[in-house]
Amino acid sequence: MSEILDSSKTRLFVDAELGAGLSIGVSPSQAHYLSQVLRLKSGDKVALFNGRDGEWIAGVDGAGRGWCSLSVEIQSRRQLAEPDLWLVFAPIKRARIDFVAQKATELGVSRIQPVMTRYTQVNRVNTDRLAANAIEAAEQCGRLTVPAVEDPLALDQLMAGWPTERRILLCDERGDAPGAREALAEKSGAPWAVVIGPEGGFHPDEREKLRRLPQSTAVSLGPRILRADTAVVSALSIWQALVGDWR
Ligand code: SAM
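Broken down by element type, the chain carries 7 helices and 12 strands. Here the C-alpha coordinates of the chain stretch approximately 60 × 35 × 30 Å along the principal axes. Split into buried and exposed, the 247 residues of the chain put 48% on the buried side. Relative to all contacts within the chain whose residues are 6 or more apart in sequence, the contacts with residues 24 or more apart total 74%. As presented, the chain carries roughly 12600 Å² of accessible surface, and 52% of it is formed by carbon and sulfur atoms. Each charge class in the chain was averaged separately, 30 positive and 31 negative side chains, and the resulting centres sit 4 Å apart.

So, in structure tokens, the structure goes:
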């Protein structure tokens, strides 16, 4: 069984159980994509994943207006453990929040959690659109899961229910907490969250509360103030390099 990624493959995320010999139908929009956009014919192959059963090769059985049926044939990749990394970020405006959902997915987060802070200027988040962006990015980048996209929570509410064991990489342009680099070098296997503030930054009270949490490691992302979407990409890349699956 090959574990090598093949970027030329058409990959689709499905809900259905996957296993040799199963026959599955895809959603009307996926059927349209396969039969009208890619013009696949009976016997053509696609790769399927559902976040649980690894990746499978399936052949097109038949397609019509709004439907397409596929026969699951052989497993091409086993399901592997992926990093347990949340992205907590203050929402930003439309094109840039879509970018955040796509890039966070490509960079391996397991949960996308919008958080409302005092200086957050966006008050509605279209989580369905973010989830659609995450699915498309997961299909394209070869990962075997799609991150969960959660409804926005107020910062206080999120912190009140924060899991004791989940560590926080707090991105704070005010600078590293003492011992931050050493803390990031520890390979404890703990779950993590990267936390990014709004365009206006954290309110001083929010920043102090976050910095004082026992799970928190405040870090600078360098001597320049990054826009929130740039900070997301930068922080997730740093986390993957120091703690995650960059080898
Ligand atoms: N407070 C800043 C201001 O108004 O000048 C801007 C906030 S920045 C646009 C948005 C978020 O990105 C920050 O709250 C922080 O989480 C993160 N960020 C941006 N640049 C950073 C840096 N150099 N180091 C750490 N975090 C940074």
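Continuing now.
Once that is clear, we can look at the packing of aromatic side chains. Taken as a whole and judged by the stated rule, the model has 2 aromatic pairs. When the centroid spacing of 5.4 Å and the interplanar angle of 55 degrees are considered together, the rings of Phe-13 and Phe-49 count as tilted. Taken together, the residues Phe-13 in strand S1 (residues 11–13) and Phe-49 in strand S3 (residues 45–49) connect sequence positions 36 residues apart. Each of the two residues, Phe-13 as well as Phe-49, counts as buried. Relative to Trp-162, the ring of Trp-86 has its centre 5.4 Å away and its plane inclined at 80 degrees; by these criteria the two rings are edge-to-face. A residue pair is termed long-range when its members are at least 10 positions apart, and Trp-86 in strand S6 (residues 85–89) and Trp-162 in the loop between helix H4 (155–160) and strand S10 (167–171) qualify at 76 residues. Directly above the ring of Phe-49 sits Arg-11, whose terminal nitrogen or CZ lies 4.2 Å from the centroid. Sitting above the plane of the Trp-86 ring, Arg-111 keeps its charged end 4.2 Å from the centroid.

So, on to helix H3 (residues 127–141). In an α-helix, one turn spans 3.6 residues, which is why side chains three or four residues apart end up on the same side. Here H3 contains 15 residues, and its C-alpha end-to-end distance of 21 Å stays within 8% of the 21 Å for a straight helix at 1.5 Å per residue. When we look at burial in H3, the residues that qualify are Thr-127, Arg-129, Leu-130, Asn-133, Ala-134, Ala-137, Ala-138 and Glu-139. On its buried face, H3 sits against S1, helix H1 (28–37), S3, helix H2 (94–106) and strand S8 (148–149). Here H3 starts with a cap whose side-chain oxygen sits 3.2 Å from the backbone nitrogen of Asp-128, and that cap is Asn-126. Gly-142 occupies a position one or two residues after H3 and carries a positive phi of about 90 degrees.

Taken as a whole, this structure holds 19 salt bridges when the rule is applied. We note a salt bridge from Glu-73 to Lys-45, for which the minimum N-O separation is 3.0 Å. Of the two residues, Glu-73 sits in strand S5 (residues 67–77) while Lys-45 sits in strand S3, which places them 28 residues apart along the sequence. Of the residues examined, Lys-45 reaches a relative accessible area of 47% and is grouped as partly exposed. When the shortest N-O distance is used, the salt bridge between Glu-150 and Arg-111 registers 3.9 Å. Of this pair, Glu-150 sits in the loop between S8 and strand S9 (153–154) while Arg-111 is found in strand S7 (residues 111–116), placing the two residues 39 residues apart along the sequence. Shared partners join several salt bridges into a network, and the residues in it are Lys-9, Arg-11, Glu-55 and Arg-77.

Cut-offs and rules
Residues numbered from 1 in each chain as written. Predicted model: local features only at pLDDT ≥ 70, side-chain atom pairs only at ≥ 80, totals over all residues. Heavy atoms only, no water. Helix = DSSP H or I, 4+ residues; strand = E, 2+ residues; numbered from the N terminus. Buried < 20%, exposed > 50% of the residue type's maximum accessible area, 1.4 Å probe, protein only. Contact = heavy atoms within 4.5 Å. Areas by Shrake-Rupley, 256 points an atom, 1.4 Å probe, with all protein chains shown as cover. Lys, Arg positive; Asp, Glu negative; His and termini not counted. Charge placed at Lys NZ, Arg CZ, Asp CG, Glu CD. Phe/Tyr/Trp six-rings, centres within 6.5 Å; stacked < 30°, edge-to-face > 60°. Lys NZ or Arg CZ within 6 Å of the ring centre and 35° of its normal. Expected span 1.5 Å × (residues − 1). Polar contact = N/O pair within 3.5 Å; in protein donor to acceptor, adjacent residues only side chain to side chain. Salt bridge = Lys/Arg side-chain N within 4 Å of Asp/Glu carboxyl O.

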